Every structure is written in structure tokens, then in C-alpha cells.
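Breakdown of the fold
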Amino acid sequence: MKENSGSIDIKTPFIEVRDLAFAYEDADGRRHEALRGVSLSIPKGQFVAVLGHNGSGKSTFAKLLNMILLPDKGEIYVDGELVSSPVEPDEDTIFAVRRRIGMVHQNPDNQIVASVVEEDVAFGPENLGVAPDEIRRRVDASLDAVGMREYALATTSHLSGGQKQRVAVAGVIAMLPECIIFDESTSMLDPSGRRDVMKTIQYLNRERGITIIHITHDMSEAALADRVVVLSDGELYLDGTPDEIFSRPDKLRAVALDVPQSVSLLHELARSVEGFRVPDCIKDAEECAEYISMEFDRLGISAR
Ligand SMILES: Nc1ncnc2c1ncn2[C@@H]1O[C@H](COP(=O)(O)OP(=O)(O)O)[C@@H](O)[C@H]1O
Ligand SMILES: [Mg+2]
């Protein structure tokens, strides 16, 4: 269990989505439904992973939340206030929603605008008209939060993929968002870059109380969330805790998704090793290895 999950306020949803639908229109005017009748409610401080095969509507969902797109049908409420519906919103609403709900994209090169790290992080608050001394404070605090303070004066193009992505995250944090959507933000990174970005995401969620919507293909990343939402063909297909979702490998395979290797290994061991207990929380690969060795010790099995 994560430490602060008891403090999540389930009664007042931060984001509430009701019966959301969106279709893209192609050049011939034909409509392709990307999202159909999606309803869900996300409490403040929750870490939600969104899974789904390619084309299942994940990015469309993110763009609707960020008001890059407007729904054809349905509504989005933020903090109980209607912000998005098929009715054209005013600029102030869009601006306010984008400040409260930040977005980190797949490729950091598309998000980073300045050649020096601290200038890049300052860009967002500058656009908001924040005072210079406050910008300085926010830039320092944001770089601290992503563990990139020592790179403040570095050239952005010289950074690794993972470092660039953390700078992109700092740029979003500097706007003081209450929620951050990560749209496959780890998918272009090497394993160490992924790990650093995932640690940053967990830190922002646990220590800063930021609501996280993490779109990913990586099941071990989804296992770190409080909740997993699975989209399939534009519809909400599964919604539950990682344990609930990953204990239904059949349901996942039916939509071309697979359970994490560590999870299937633990279940396999529980079936084949007498007394072996599956932990009550899904582990990442490293924790999984430690857990197995502890269980083997407890059972007096030597794992040579
Ligand atoms: N700009 C677009 N124009 C037309 N169709 C699109 C566009 N973007 C996405 N789609 C279609 O909408 C569906 C959902 O896409 P998307 O939300 O990007 O899915 P995901 O992020 O899960 O891969 C797919 O069938 C995709 O081909
Ligand atoms: Mg996508």
C-alpha cells in the first residue's frame, strides 16, 4: 500500500467525466469514433494509470481533459465546476484548466522550448505573468522536485532522454498544477530514464499530493498506481486497483494486454511452491526478486 492512500478524499472528485464521446473527421468527412460514453471520476491525489492498445483512445482522452479537444457529447467537471462540453468554452476557462491540469508528452524534444534548462522551466510561469522573483523560486523548486537542480544552467540538447523528460516535467510543475497527465512520457526512454521519471512521478504524487494520470504501455509502471483504467476501442473496459486488474489476465489478454511478468511469476510460484504467498501489493521487478528471496527464506527453500 502506498503511505498516503488513506488520505485520498474519495468523496469530492477532482476530475469528473460524464458520458464523454469524441469522433475525428477524416478528409472525406467520415467520422471515426475515438471515445464513446466514457464516465469516470478521479479523486484529488489519486495516481491513475491508463492502459489500452494502440488506438484505444488514450491520447484523445488526455486531450479532452486538457481541453485541446472539445467533446462531441458529455461533460468534464473540475472541482465540481463544468469546464468542458460540446458548447464552445471561453478562453479563460481553457487557460485555467490547462494551468490546473498539466500535460507531459511522449517526446520531450516537442515540449522543451529553450536551450538552457532553467530558461525552459521558467517559460510557463513567464507566460502566466508571474513576478520574476517568484519565477526564480518556482524554477529552483521545480528542478529540485525532479532532481535536476544541478543542471539548471545546462544546455537542454545535451541531456539524456530521461533528463530532458524530467526538465519537461519541471516546466509543468512550475505552473503549480494540481494534476499532471503523462501521455506515454516514458515510452521513448531507456530503462534508467524510465526509472528516474517514474520515481519523479511517485514523488510528485506522494509528497506533493499531485493527482497523476499516467498513460502507459508498461504494466510494471501501471502496477505502481492506485488505480488502473483500461480503455478498449474508445470505451472504458476495466477500472480497478492494480491487484484487481492484474488478477484478470484473461480479460487483459482479450484486449491484447498482458499482466506484468513479476505478477505472473508470483502467481506461478504460489501455484507450484507449497506455502508461497502472493504479496498483497504488486511489486516491480527489483522488489519482486527481494520478496521471492524472503519468501524462500521463510519457507526454508534454498534458491540457488
Ligand atoms: N488527428 C486524428 N485524425 C483522425 N483520427 C485520429 C486522430 N488522432 C487519433 N485518431 C484515431 O482515433 C483513435 C484513437 O486514437 P488515440 O486517442 O490517439 O489512441 P491511443 O492514444 O490510445 O493510441 C484511433 O483510431 C486513431 O486512429
Ligand atoms: Mg496515444
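Reading guide: rules and limits
Residues numbered from 1 in each chain as written. Chains lettered and ligands numbered in written order. Predicted model: local features only at pLDDT ≥ 70, side-chain atom pairs only at ≥ 80, totals over all residues. Heavy atoms only, no water. Helix = DSSP H or I, 4+ residues; strand = E, 2+ residues; numbered from the N terminus. Rg over C-alpha atoms; globule rule 2.2 N^0.38 Å. Buried < 20%, exposed > 50% of the residue type's maximum accessible area, 1.4 Å probe, protein only. Areas by Shrake-Rupley, 256 points an atom, 1.4 Å probe, with all protein chains shown as cover. Lys, Arg positive; Asp, Glu negative; His and termini not counted. Charge placed at Lys NZ, Arg CZ, Asp CG, Glu CD. Expected span 1.5 Å × (residues − 1). Arc of directions from axis to C-beta. Contact = heavy atoms within 4.5 Å. Near = heavy atom within 4 Å. Polar contact = N/O pair within 3.5 Å; in protein donor to acceptor, adjacent residues only side chain to side chain. Nonpolar A, V, L, I, M, F, W, Y, C, P; charged D, E, K, R; others polar. Domains from an automatic or database assignment. Buried area = accessible area lost by both parts, 1.4 Å probe. Salt bridge = Lys/Arg side-chain N within 4 Å of Asp/Glu carboxyl O. Pairing = 2+ DSSP bridges. Axes fitted to C-alpha atoms, helices over the stretch in contact; angles between N-to-C directions. 1 Å grid on protein atoms, 1.4 Å probe; cavity = no way out; pocket = protein on both sides within 12 Å on 5 of 7 lines; lining within 4 Å. Points joined across faces, edges and corners; volume = space filled by probe spheres on them.

So, the overall build of the chain
- When helices and strands are tallied, the chain shows eleven helices and ten strands.
- In terms of C-alpha radius of gyration, the chain reaches 21 Å, essentially the compact-globule figure of 19 Å for 304 residues.
- Along the first, second and third principal axes, the C-alpha atoms of the chain reach 65 × 50 × 40 Å.
- With 304 residues in all, the chain has 50% of them scored as buried.
- Of the roughly 15,000 Å² that the chain leaves accessible, carbon and sulfur atoms contribute 48%.
- Treating the 33 positive side-chain charges of the chain as one cloud and the 51 negative ones as another, the clouds have centres 3 Å apart.

Quick notes on helix α10 (residues 261-272)
- Taking 1.5 Å per residue as the helical rise, α10 with its twelve residues ought to reach 16 Å, and the 16 Å between its terminal C-alpha atoms agrees with that figure.
- Along α10, the residues classified as buried are Ser262, Val263, Leu266 and Leu269. Projected down its long axis, α10 shows its buried positions confined to an angular sector of 125°, all on one face. With respect to the buried face of α10, the exposed residues turned more than 90 degrees away are Gln261, Arg271 and Ser272.
- Looking at the buried residues of α10, the elements they touch are α8 (242-246) and α11 (285-299).

Considerations on the environment of Val117
- Inspection of the secondary structure puts Val117 in helix α3 (residues 117-127).
- Owing to a relative accessible area of 0%, Val117 belongs among the buried residues under this scheme.
- Along the primary structure Val117 and Ser157 are separated by 40 residues, whereas in three dimensions their C-alpha atoms are 9.2 Å apart.
- With sequence-adjacent residues up to four places away left out, Val117 is seen in contact with Leu143, Tyr151, Ala152, Ala154, Thr156, Leu159 and Val167.

Here we look at the site of ligand 1
- Around ligand 1, the neighbouring residues are Tyr24, Ala34, His53, Asn54, Gly55, Ser56, Gly57, Lys58, Ser59 and Thr60.
- Contact between ligand 1 and Lys58: an oxygen atom at 2.8 Å from a side-chain N or O atom of the residue.
- Measuring from an oxygen atom of ligand 1, one finds a side-chain N or O atom of Thr60 at 2.5 Å.
- Against a free-state accessible area of 560 Å², the protein chains account for coverage of 58% of ligand 1.
- Top element by residues in the shell around ligand 1 is helix α1 (residues 58-65). It accounts for three residues.
- Its residues placed into classes, the shell around ligand 1 shows two nonpolar, seven polar and one charged.

Details of the domain arrangement of the chain
- Splitting the chain by domain gives domain 1 (5-259) and domain 2 (260-304).
- The C-alpha centroid of domain 2 is placed 32 Å from the C-alpha centroid of domain 1.
- Contact with domain 1, which involves eight residues of that partner, is made by seven residues of domain 2.
- For the pair domain 1 and domain 2, the two sides together bury roughly 660 Å², of which 68% comes from carbon and sulfur.
- The largest share of the area that domain 1 buries against domain 2 comes from Asp243, Phe246 and Val259, three residues that together contribute 56% of it.
- There are zero salt bridges connecting domain 1 and domain 2.

A look at the sheet that holds strand β8 (residues 211-215)
- With mixed pairing, six strands are arranged side by side in an open sheet as β6-β7-β8-β3-β9-β10. Two strands bound the open sheet, and with one partner strand each, they are β6 (101-104) and β10 (235-240). Each adjacent strand pair in this sheet contributes to an overall mean axis angle of 20°, direction not counted.
- Of the pairings in the sheet, the one linking strand β3 (residues 47-51) to strand β9 (residues 227-232) comprises four bridges and is parallel in character. In the sheet register, Leu51 faces β9, and the bridge partner there is Val230.
- The sheet contacts of α1 involve β3, β6, β7 (179-183), β8 and β9, and relative to β7 the element is tilted by about 150°.
- On top of the sheet, helix α5 (residues 161-173) reaches β6 and β7; it is set at about 165° to β6, its chief contact.

Remarks on the pattern of salt bridges
- Within the structure shown, the criterion is met by 23 salt bridges.
- Note that Lys73 is salt-bridged to Asp19, the shortest N-O span being 3.0 Å. Here Lys73, found in strand β4 (residues 73-78), pairs with Asp19, found in strand β1 (residues 9-25); they are 54 residues apart in sequence, far enough to count as distant.
- Each of Glu118, Arg136, Asp140, Asp144 and Arg149 takes part in salt bridges that share partners, so that together they form one network.

A look at the layout of surface pockets
- The space that makes up the second largest pocket amounts to roughly 560 Å³.
- For the second largest pocket, the lining is made up of 23 residues, of which Gln111, Gly124, Gly171, Val172 and Met175 are closest to its centre.
- Those elements that provide at least two residues to the lining of the second largest pocket are α2 (91-100), β6, α3 and α5.
- Tallied by class, residues from the lining of the second largest pocket come to twelve nonpolar, eight polar and three charged.

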